[in-house]
Amino acid sequence: MKLYLIDPHEDRLYKNGLFNPKLDSSFVVWVKIKKLLLIKKIILDTIDLHPVEKADKIFFFDHQTYSLFNHKLSHYLQLCIQKKIPKNKLNLIISESPIMKPETWLIKNHIFYGKIFTWNDALIDNKKYFHYSWLQNIEYNKPTKVRFEDKKLITVINAQKTNYLPNELYSLRVKAIRYFEKKYPDDFDLYGVGWEKPLNLKFVYSALKNNPVKTLIFLKDYIDSLRGFSSYKGFVNNKLAVLSQYKFCLCFENMKDIDGYITEKIFDCFKANCVPIYYGASNISKYIPSDTFINFRQFKTFDEMYSHMINMDKKTYNGYLISIKKFIKSNQLKKWNYQSYCSQVFLNNTIKE
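Below you will find a few notes about this structure.

Definitions and limits used
- Residues numbered from 1 in each chain as written.
- Predicted model: local features only at pLDDT ≥ 70, side-chain atom pairs only at ≥ 80, totals over all residues.
- Heavy atoms only, no water.
- Phe/Tyr/Trp six-rings, centres within 6.5 Å; stacked < 30°, edge-to-face > 60°.
- Buried < 20%, exposed > 50% of the residue type's maximum accessible area, 1.4 Å probe, protein only.
- Lys NZ or Arg CZ within 6 Å of the ring centre and 35° of its normal.
- Pairing = 2+ DSSP bridges.
- Helix = DSSP H or I, 4+ residues; strand = E, 2+ residues; numbered from the N terminus.
- Axes fitted to C-alpha atoms, helices over the stretch in contact; angles between N-to-C directions.
- Contact = heavy atoms within 4.5 Å.

## Notes on the packing of aromatic side chains
Evaluated as defined, the whole model comprises 37 aromatic pairs. Each ring, one from Tyr-179 and one from Phe-180, has its centre 5.2 Å from the other, and the planes form 80°; the classification is edge-to-face. On the accessibility criterion, Tyr-179 (12% relative accessible area) is buried. Given the relative accessible area of 0%, Phe-180 is considered buried. Aromatic ring contacts, followed pair by pair, group Tyr-4, Phe-19, Trp-30, Phe-59, Phe-61, Phe-117, Phe-130, Tyr-132, Tyr-341 and Phe-346 into a single cluster. Between Arg-178 and the ring centre of Phe-229, over which it is positioned, the NZ or CZ distance is 3.9 Å.

## Some details on the sheet that holds strand S6 (residues 129-131)
The strands making up a sheet are joined through hydrogen bonds of the backbone, oriented either antiparallel or parallel. Taken in spatial order, the six strands of this open sheet run S2-S1-S3-S4-S5-S6, and their pairing is parallel. Here the strands that pair on one side only, and so sit at the sheet edges, are strand S2 (42-46) and S6. Going across the sheet, the axis of each strand differs from the next one's by a mean of 25°, ignoring polarity. Against the sheet, helix H11 (residues 338-346) touches strand S1 (2-7), S2, strand S3 (57-61), strand S4 (90-93), strand S5 (115-118) and S6, its axis set at about 115° to S3.

## What about the pairing of S4?
Burial along S4 is two-sided: Leu-90 and Leu-92 facing one way and Asn-91 and Ile-93 facing the other are all buried. Note: S3 against S4, four bridges, orientation parallel. Paired with Phe-60 across the strands is Leu-92, a residue of S4. Bridge analysis of S4 against S5 gives three bridges, and the strand direction is parallel. Bridge pairing in S5 links Ile-93 to Phe-117.

Shown next, in the form of structure tokens:
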């Protein structure tokens with residue numbers, strides 16, 4: 001048996017918490033990956049359960065540093081270096097965007113790893129950098145059927161966050177929310193985490209780390225958040241059930257214009273029979289058929305977007321749902337499933353080792 005270890009960099013996910021769907025229902029895909037690897041005679045555990053020197057391969061989710069000014073390496077990466085684990089056993093899985101984990105994207109931090117797996121098409125060379133598609137829980141469960149006439153117009157389901165790097169989309173989400181609250185409050189609902197409170201002060205760290213001057217922008221955003229969000233309807237336990245009640249969902253990634261950065265947001269809409277208005281990866285149509293979503297880039301203003309939605313007839317709308325259903329049942333979707341992820345990342349043998 002081979003032993004692969006994975007470092008999730010999150011306390012609750014150690015002791016194999018990553019493979020516990022009770023912590024998060026989406027972790028069911030990790031249970032399947034663990035079982036599939038076991039069939040291949042590979043044990044996959046979190047890195048805390050075995051001595052690192054016993055591992056055949058070690059995988060790190062994103063490159064982590066834990067200091068604002070002194071980029072101290074994460075505990076287990078330091079341990080691997082101290083134990084002189086060969087670099088060809090150390091692998092980096094880039095999962096987050098530069099907005100979330102800017103240190104992951106610094107080339108100088110890639111020297112610690114033999115292989116790096118990323119969804120970013122621009123980096124792929126099949127020598128050090130290898131492609132994988134964002135892991136999706138894509139099992140198709142028939143969504144709650146809601147008639148076109150009974151659906152509300154549009155929703156947003158996101159956590160309240162901010163960031164101050166170029167191409168971030170958090171601020172545009174807030175602008176969209178404020179637009180609907182002011183002009184069309186009856187057509188819009190907001191759900192998610194954190195909107196009932198002022199913007200979390202932890203985001204000062206993001207402003208300071210990237211550009212101290214941006215702290216002033218954070219203060220402006222914080223003051224704006226103090227007035228609350230009148231459209232906020234609370235946290236959702238069942239995202240798909242809520243999405244199914246709406247014709248459209250504003251589906252913004254946390255960052256735009258990164259090739260291949262396509263997260264669960266658009267797939268959640270598909271599974272709920274809700275048409276996404278998507279903004280994020282510039283090459284989205286390379287991976288997902290353009291007749292399954294509305295591309296936000298086609299609109300110059302929110303007024304244009306609203307007019308497009310409110311004037312869409314039932315036949316046109318149902319055309320999107322038909323295309324979504326066709327895509328979900330097609331072979332195209334296989335590149336996003338756990339088998340594909342397992343093959344692309346854990347069973348990648350492009351380099352002889």
